[in-house]
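Residue-level structural notes
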Amino acid sequence: DAQVGSVTPLDPSTVASEVHYGRRSGKYTHVKTGTSTVYNQLYPFKGLLNYTSGIIHHVKLEGIKPGSTYYYICGDSSLSAMSEEFVFKAPPPPSTDSYPYKIAVVGDLGLTGNSTSTIDHLIGNKPSLVLMVGDLSYANQYLTTGGKAAPCFSCSFPDAPIRETYQPRWDAWGRFMETLTRRVPMMVIEGNHEIEPQLGNATFLSYQARFAVPSSESGSNSSFYYSFNAGGVHFIMLGAYVDYNVTGSQFAWLQKHLSEVDRKVTPWLVAAWHPPWYNSYSSHYQEFECMRQEMEELLYQNGVDIVFSGHVHAYERMNRVYNYTLDPCGPVFITVGDGGNIEGIDIDHADDPGKCPSPRDNVPEFGGVCHINFSTGYAEGKFCWDKQPEWSAFRESSFGHGILEVKNATYALWTWHRNQDVYKDRGQGDRIYIVRQPEICMKNVNNSSAGEEGTSPQFHNQQW
């Protein structure tokens, strides 16, 4: 078990990492072993408590047939310590004719009553894949003692010598999510609440220890950015809290990787990262403008269809946009940072009277500040619009989640489900068909049949 206070790390080698799996209940034709690890969260300050995790296991399953159902147990058979049987269905193979049934998208979840409502509602929509766009447990909104949670940590604990984090919150979050993740694949990307600084300026230790992603399989040398396929959809997961400059390794990987995506096999190209580039709320307004200026042109040139982000604790869907200008070939940017976190919902819009942030506000936790006044259009010369921007199609301050249903190579249905809609028959807060126009927008995009080598694991990790 995890320990808090005076800690002695457990020895990961004392427990094996095994998964036994097969296509019939109780008949396990495959056995795979993996790796195990522990991590520490250390604070060299009086009154702060250290933490060492329980043993965390990662097993990579191989020989999985796309679209098939598998039954599995996990544990250490030598200790007679095996779990009960679980079941999952692998995503379909990369193809223009096969797509995941439903892809759930949620961000900024946390562990609150609202989080429970979100996950209960999400499970009711029966997704076949979950995309988690950062800010998972909000363990860093607590003192290391597990004391009072704080929607604003620095406001409530101004004398804290470091942004503390109560790591048992991660353990509780994992148990909370097990109902979903034991049977539905979940892919994640890091948010600012996963930074969690500690002794020696170490960061992201919990995130990196707890989540395994197909970085090497997609040619990435970092767990902060990677890609994967799910049927005819290719996902690009980008890191906003590591170097994103055009001279950096992430940009070089992205540029090379996008040139290799075969749109004849995976026509849909979906990107995700935590902080939104397009955002009309006061909270986090233009916060990651530097990242947009570095990367947007590359994504646009390669015909990215949809971008998912979180960070802003509300829902907002944009019209197709590029460089703050309506563009039929620009991506549809969607913010779903309304999962239910402890910090509450964002309400104020930057275009509301008196709610425009100062250019000195909204400084990112990583990267520079590139706030700009708009150079064209209705808001020319201004830092904020004085009405809802034309690129903002729909926005609402409610907790919820989204569902993407890709129908074929041309059409995808996007629906946003507010938590309160669970009490309505087929209630939806937002609903729109997203339509690809490759004959117009992809004239210069790579459509070679060369394909991608090593970047299409349909079911890559089972974590427990």
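The structure this text deals with has already been given above.
To start, this report covers the structure provided alongside it.

Analysis parameters
- Residues numbered from 1 in each chain as written.
- Predicted model: local features only at pLDDT ≥ 70, side-chain atom pairs only at ≥ 80, totals over all residues.
- Heavy atoms only, no water.
- Disulfide = S-S within 2.5 Å.
- Helix = DSSP H or I, 4+ residues; strand = E, 2+ residues; numbered from the N terminus.
- Buried < 20%, exposed > 50% of the residue type's maximum accessible area, 1.4 Å probe, protein only.
- 1 Å grid on protein atoms, 1.4 Å probe; cavity = no way out; pocket = protein on both sides within 12 Å on 5 of 7 lines; lining within 4 Å.
- Points joined across faces, edges and corners; volume = space filled by probe spheres on them.
- Nonpolar A, V, L, I, M, F, W, Y, C, P; charged D, E, K, R; others polar.
- Salt bridge = Lys/Arg side-chain N within 4 Å of Asp/Glu carboxyl O.
- Pairing = 2+ DSSP bridges.
- Axes fitted to C-alpha atoms, helices over the stretch in contact; angles between N-to-C directions.

**A few points about the state of the cysteines**
Here the structure, examined in full by the defined rule, presents 4 disulfides. A disulfide bridge connects Cys329 with Cys441, and the sulfur atoms are separated by 2.1 Å. Given an S-S torsion of about -75 degrees, the disulfide between Cys329 and Cys441 has left-handed geometry. Here Cys441 lies in helix 7 (residues 438-441) and Cys329 lies in the loop between strand 20 (325-326) and strand 21 (332-336), a separation of 112 residues in the sequence. Cys329 sits in the buried class, given a relative accessible area of 17%. In the protein, the bonded cysteines, numbered by position in the sequence, are linked as 1-2, 3-6, 4-8, 5-7.

**A short note on empty space enclosed by the protein**
Inspection of every chain in the model, using the stated rule, returns 3 cavities of 30 Å³ or more. Each pocket or cavity is described by its volume, and for the largest cavity that value is around 90 Å³. Forming the boundary of the largest cavity are Gly303, Val304, Asp305, Arg320, Pro328, Cys329, Val435, Arg436, Gln437, Pro438, Cys441 and Met442. The residue makeup of the lining of the largest cavity, split by class, is 7 nonpolar, 2 polar and 3 charged. Taken as a whole, the second largest cavity spans an internal volume of roughly 60 Å³. Pro276, Trp277, Tyr278, Asn279, His284, Tyr285, Gln286, Tyr324, Phe374 and Trp391 are the residues that line the second largest cavity. A class-by-class count of the residues in the lining of the second largest cavity yields 7 nonpolar, 3 polar and no charged.

**A few points about the layout of surface pockets**
Each pocket or cavity is described by its volume, and for the second largest pocket that value is around 560 Å³. Considering the residues around the second largest pocket, the lining is formed by 24 residues, among which Asn192, His193, His284, Glu343 and Glu365 are closest to the centre. Residue composition of the lining of the second largest pocket, grouped by class: 7 nonpolar, 10 polar and 7 charged.

**Here we look at the pattern of salt bridges**
If charged atoms from side chains of opposite charge come close, those side chains can pair. Scanning the entire structure with this criterion turns up 15 salt bridges. Between Asp305 and Arg263 there is a salt bridge; the shortest N-O distance is 3.1 Å. Here Asp305 is found in the loop between helix 6 (289-301) and strand 17 (306-309), whereas its partner Arg263 is found in the loop between helix 5 (249-260) and strand 16 (268-272), with 42 residues between them in sequence. When sorted by exposure, Asp305 lands in the same class as Arg263, which is buried.

**What to know about the sheet that holds strand 24 (residues 411-418)**
The mixed open sheet is built from 6 strands, whose spatial order is 13-12-11-23-24-25. The open sheet has two edge strands, strand 13 (186-188) and strand 25 (430-435), and neither has a second partner. Between one strand axis and the next, the sheet turns through 20 degrees on average, direction left out of account. Pairing of strand 23 (residues 400-406) with strand 24 involves 7 bridges; the strand directions are antiparallel.

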